[in-house]
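In case you want the letters, here they are:
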Amino acid sequence: MAIELKVPPVGESVSEVQIGEWLKPEGSSVRKDENLVTIESEKATIEIPSPADGVLQKILRRKGEMAKVGEIIAHLGSGTGVESKPSVPSESGKKPSASKPSTEESTKESPKVMPAAARALAASGVSAADVTASGPGGRLLKEDVQRHVATPPTPPSPAPTKPASAPATASAVTSPGLSGREEEVVPMSPLRRTVAKRLVEAQNTMAMLTTFNEVDMSAVMTLRKSYQEAFQARYNVKLGFMSFFVKAAVDALRLVPQLNAEIRGNNVVYRNYQDVGVAIGGGKGLVVPVLRGADRMSFAEVEIAINEFAKRAKDNKIKMEELEGGTFTISNGGVYGSLLSTPIINPPQSGILGLHSIQDRPIALEGQVVIRPMMNLALSYDHRIVDGREAVTFLKRIKEVIENPARILLEV
């Protein structure tokens, strides 16, 4: 009896997901709780395990396709299939013949299909077995597929038809006779669509302004250098700049509570806690996991949490609940070399602090021109709830705390 693999509930308000990588090909043996496929919602990437031991008989939804929550995306059956390492299934969608033993199947190895080649195969409807691979180690390249498609068959034969079970996840358009001028059309991921939607929403619904300041990073850099070795030996994580800015932001949010509030209808909701979101570049795009109770966290707890978020964001394993409920956001574009930017608020929050790269610059200090490591700060805020005075006060407080870190401990 076939077992149905369905898309599980993935959070409130999420009704549709995008199919990611299939970790097992059709016809392979699977064990209960072994991960079979990844799915991407608008908030996170999730792995779906097998509900039972058996065989992955039929994949109904391929990579890149959309599926509703509760929809059947594959069928599993009883018995024993072909043992295989987790891999992306062949674009041809064919499953191994059950009449051939595994030793016979291994006599003719299929070429390793590179991602760009897989998309070209799907777009052209050509089977990987029909194309001659020229890449190192027998890899099938996109150029191999294009060369095969461009070469007319002799004698003429009908063009191969694309299997109905393997719809294209991307399409390539090539200008005849113009090599290297092809275009590739790739579906936008749920996460990217959500980011785009929220950014437009912020621009359309908020009276958003940005104010700037600069901060001398000398004191923080000296402090980090003095205690880095001891800090890392005790907590097994480096002392970064972000923990200083998180602590400074908590202090400034207490001073200017409007930036820790939000508008709900005709009401302003002020919070007596600080849940600070930290923007992190992940495998599928920018995510903003939240440091809950940042006002109660130590430097080490902040650094450990951010380090863990960064690792899991790279593997698209941030949990949905970790992205929800932030009251304020810090975004560090400086890690990518940004000198100055105007960050966009993450609704329904009322502010976001943008950090930038540190550069040695000449400044006037006590009547002398000196060189100092300077960073530009940018605060974008919702002018409906935050006035310019509050915004400037907030940034000035950040500057004071970073230039004199002892204020964090003394709370002055």
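In case you missed it, the structure is sitting above this.
For the structure given in this document, a descriptive report is provided here. Every value quoted in this text rests on a predicted model; they were computed, and no experiment measured them.

Quick look at the sheet that holds strand β4 (residues 35-40) now. Within the open sheet, the 4 strands sit side by side as β5-β4-β2-β7. Their pairing is antiparallel. Across the chains shown, the open sheet's two edge strands, defined by having one partner strand only, are β5 (45-49) and β7 (66-68). Within this sheet the neighbouring strands show an average axis-to-axis angle of 40 degrees, counted without direction. Inspection of the sheet shows β4 paired to β5 by 5 bridges, in the antiparallel sense. Bridge pairing in β5 links N35 to P49.

Before going further, it helps to examine helix α4 (residues 190-205). Over its 16 residues, α4 runs 22 Å from end to end, which matches the ideal 22 Å to within 8%, given 1.5 Å per residue. Residues of α4 that are buried include every one of P190, L191, T194 and A202, and no others. When α4 is viewed along its axis, its buried side chains cluster within an angular range of 105 degrees and face the same direction. Those residues of α4 that are buried lie in contact with β2 (16-22), β4, β7 and β18 (285-287).

Taken together, the 6 strands give an open sheet; going across it, the order is β13-β22-β21-β20-β16-β19, and neighbouring strands pair in mixed fashion. Both edges of this open sheet fall to β13 (208-216) and β19 (290-291), since each of them pairs with a single strand only. Alignment of strand β16 (residues 276-278) against strand β20 (residues 328-332), held across 3 bridges, turns out to be parallel. From the neighbouring strand, G277 faces β20, where its bridge partner is T329. Contacts between helix α6 (residues 242-255) and the sheet are confined to β16, β19, β20, β21 (351-365) and β22 (368-382), with β20 contributing the most and set at about 150 degrees to the helix.

Under the definition given, this model contains 3 aromatic pairs. Aromatic side chains F231 and Y235 sit 5.0 Å apart centroid to centroid with 50 degrees between the ring planes, which places their arrangement in the tilted category. Here F231 pairs with Y235, and both are found in helix α5 (residues 218-235), just 4 residues apart, close to one helical turn. The class for F231 is buried, based on a relative accessible area of 11%.

Moving on, we get to the packing of α6 against helix α8 (residues 388-403). Across the interface, α6 lies against α8 with an axial gap of 9 Å and an inter-helix angle of 140 degrees. As far as their axial angle goes, α8 and α6 are oblique. Classified by chirality, the crossing of α8 by α6 is right-handed. Between α6, through F244, F245, A248, A249, D251, A252, L253 and L255, and α8, the contact on the second element is made entirely by T393, F394, R397, I398, V401 and I402. When its residues are assigned to classes, the contact of α6 with α8 shows 11 nonpolar, 1 polar and 2 charged.

In this section: the pattern of salt bridges. Within the structure shown, the criterion is met by 16 salt bridges. A salt bridge links D251 to R397, with the nearest nitrogen and oxygen atoms 2.5 Å apart. Taken as a pair, D251 in helix α6 and R397 in helix α8 lie far apart in primary sequence, 146 residues in all. Grouping residues by exposure puts D251 and R397 together as buried. R389 is paired through a salt bridge with E390; the nearest N and O atoms lie 3.2 Å apart. In this structure R389 comes out as exposed when scored by relative accessible area, which is 63%. Since its relative accessible area comes to 11%, E390 is described here as buried. What emerges from the salt-bridge pattern is a single network uniting D251, R397 and E400.

Conventions used here
- Residues numbered from 1 in each chain as written.
- Predicted model: local features only at pLDDT ≥ 70, side-chain atom pairs only at ≥ 80, totals over all residues.
- Heavy atoms only, no water.
- Pairing = 2+ DSSP bridges.
- Helix = DSSP H or I, 4+ residues; strand = E, 2+ residues; numbered from the N terminus.
- Axes fitted to C-alpha atoms, helices over the stretch in contact; angles between N-to-C directions.
- Expected span 1.5 Å × (residues − 1).
- Buried < 20%, exposed > 50% of the residue type's maximum accessible area, 1.4 Å probe, protein only.
- Arc of directions from axis to C-beta.
- Contact = heavy atoms within 4.5 Å.
- Phe/Tyr/Trp six-rings, centres within 6.5 Å; stacked < 30°, edge-to-face > 60°.
- Parallel < 35°, antiparallel > 145°, perpendicular 65-115°, else oblique.
- Left-handed = near helix turned anticlockwise from the far one by under 90°.
- Nonpolar A, V, L, I, M, F, W, Y, C, P; charged D, E, K, R; others polar.
- Salt bridge = Lys/Arg side-chain N within 4 Å of Asp/Glu carboxyl O.

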